[in-house]
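Structural description and commentary
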Amino acid sequence: MARQLRAEQTRATIITAAADLFDRHGYESTSLSDIVAHAKVTKGALYFHFAAKEDLAQAILELNARAGKQLVAEVESRGYSSLEALMRTTFGVARLAVEDPVPRAALRLATADIAVRPPLRHPFTEWLEFATRKFTAAVRESDVHSDLDVGVVAHSLVSFFVGTRVAGRSLEPVGRLPRRIAEMWHLLIRGLVPVHRRPRYVTLATQLEREIRTA
């Protein structure tokens, strides 16, 4: 039992070290030797858990997908409106990125055309489908304009969100991400939400950003 626990801890240490390096330097620029040194493990320990760098990338993407599903399930269980659920999910993803190198690395891997092995799906595909569902429901709930092309809006949201992080990686610390997500929503709310419903969602964006900063 103790040996199994040590093995699990070593695996987690290797994944965290790899995620940190993938996020800071990129997948192609990170070698297995770099990961071994950063994790402070032996090469034998690394190869016991991962046969190749691609396996590490897959493990990071799998962990990120699991965290994303858990986040969505938690938000969905609270009975929020569809637009609020979508907003809370994006801020939840931002919070995970601030706190943990694995989501940050997963996003960088997703933007680097790293192959995603089935049955895992590309995170952008899942985000796009989720956003489309939420905007479709938000139209029914009259929280966004009824004449919206929800597919276009969902694609724009995902692109905006991903682009905010990609640009921010080189320009500012990751701790700035929640503020950028709030700014993103303030702009989107102006274009998507009827005037009489805007104050609620503008206030929500500000509140969610503040909660992450003070956590």
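Residues numbered from 1 in each chain as written. Predicted model: local features only at pLDDT ≥ 70, side-chain atom pairs only at ≥ 80, totals over all residues. Heavy atoms only, no water.

Describing the side chain of Asn64
Here Asn64 lies in helix 4 (residues 53-76). The contacts of Asn64, once residues within four sequence positions are left out, are Val102, Pro103 and Ala106. (Helix = DSSP H or I, 4+ residues; strand = E, 2+ residues; numbered from the N terminus. Contact = heavy atoms within 4.5 Å.)

Re unusual backbone geometry
Cis geometry marks the peptide bond from Pro118 to Pro119, where omega comes out at 5°. Relative to the helices and strands, Pro119 resides in the loop between helix 6 (101-110) and helix 7 (123-140). In this model, Lys40 sits at a positive phi of 60°, which is unusual for a non-glycine residue. Structurally, the position occupied by Lys40 is in the loop between helix 2 (32-39) and helix 3 (43-49). Residues other than glycine seldom take positive phi values, yet Ser142 does so here, at roughly 65°. For Ser142, the location among the structural elements is in the loop between helix 7 and helix 8 (150-171). You can call Ser142 partly exposed: its relative accessible area is 38%. (Buried < 20%, exposed > 50% of the residue type's maximum accessible area, 1.4 Å probe, protein only.)

Brief notes about the UniProt feature "DNA-binding region" (unreviewed entry) in the chain
As recorded in UniProt, the sites labelled "DNA-binding region" (unreviewed entry) are residues 31-50. From the first C-alpha to the last, residues 31-50 spans 13 Å; its make-up is 75% helix and 0% strand. (UniProt positions renumbered as here; feature names shortened; annotations may be inferred.)

With respect to helix 5 (residues 82-99)
With 18 residues, helix 5 should cover 26 Å at 1.5 Å per step; its first-to-last C-alpha distance of 26 Å lies within 8% of that length. With 14 of 18 residues buried, helix 5 is to be regarded as a mostly interior element. (Expected span 1.5 Å × (residues − 1).)

A few points about the packing of aromatic side chains
Working definition: an aromatic ring pair is given by the centre-to-centre distance plus the angle between the planes. Inspection of the entire model under this criterion finds three aromatic pairs. Considering the side-chain rings of Phe124 and Trp127, the 5.6 Å spacing of their centres and the 45° angle between planes classify their relative orientation as tilted. Of this pair, Phe124 and Trp127 are both found in helix 7, three residues apart, which corresponds to roughly one turn of the helix. Its relative accessible area of 25% is what places Trp127 among the partly exposed residues. Put simply, the rings of Phe124, Trp127 and Phe161 touch in pairs and so form one group of aromatic residues. Over the ring of Tyr27 we find Lys53, and its NZ or CZ is 4.4 Å from the ring centre. (Phe/Tyr/Trp six-rings, centres within 6.5 Å; stacked < 30°, edge-to-face > 60°. Lys NZ or Arg CZ within 6 Å of the ring centre and 35° of its normal.)

Description of the UniProt feature "domain: HTH tetR-type" (unreviewed entry) in the chain
On the UniProt side, "domain: HTH tetR-type" (unreviewed entry) is annotated at positions that read residues 8-68 here. As annotated, residues 8-68 comprises 80% helix and 0% strand, and the C-alpha atoms at either end are separated by 21 Å.

Focus on the packing of helix 5 against helix 10 (residues 198-214)
Contact pair helix 5 / helix 10: the axes reach a minimum separation of 10 Å and the direction vectors enclose 20°. Taken together, helix 5 and helix 10 sit at an angle that is classed as roughly parallel. Our pair here, helix 5 against helix 10, has a crossing hand that is right-handed. Side by side, helix 5 and helix 10 meet where Leu83, Glu84, Met87, Arg88, Phe91 and Arg95 of the first sit next to Arg200, Tyr201, Leu204, Ala205, Gln207, Leu208, Glu209 and Ile212 of the second. When the residues that make up the contact of helix 5 with helix 10 are grouped by side-chain class, the tally is eight nonpolar, one polar and five charged. (Axes fitted to C-alpha atoms, helices over the stretch in contact; angles between N-to-C directions. Parallel < 35°, antiparallel > 145°, perpendicular 65-115°, else oblique. Left-handed = near helix turned anticlockwise from the far one by under 90°. Nonpolar A, V, L, I, M, F, W, Y, C, P; charged D, E, K, R; others polar.)

With respect to the pattern of salt bridges
In this structure the tally under the stated criterion is 16 salt bridges. Here Glu183 makes a salt bridge to Arg180, at a shortest N to O gap of 2.9 Å. Linking Glu183 with Arg180, this pair stays in helix 9 (residues 177-192), spanning three residues, or about one helical turn. Since its relative accessible area comes to 28%, Arg180 is described here as partly exposed. Ionic contacts of the salt-bridge type, sharing partners, join the residues Glu172, Arg179, Arg180, Glu183 and Glu209 into one network. (Salt bridge = Lys/Arg side-chain N within 4 Å of Asp/Glu carboxyl O.)

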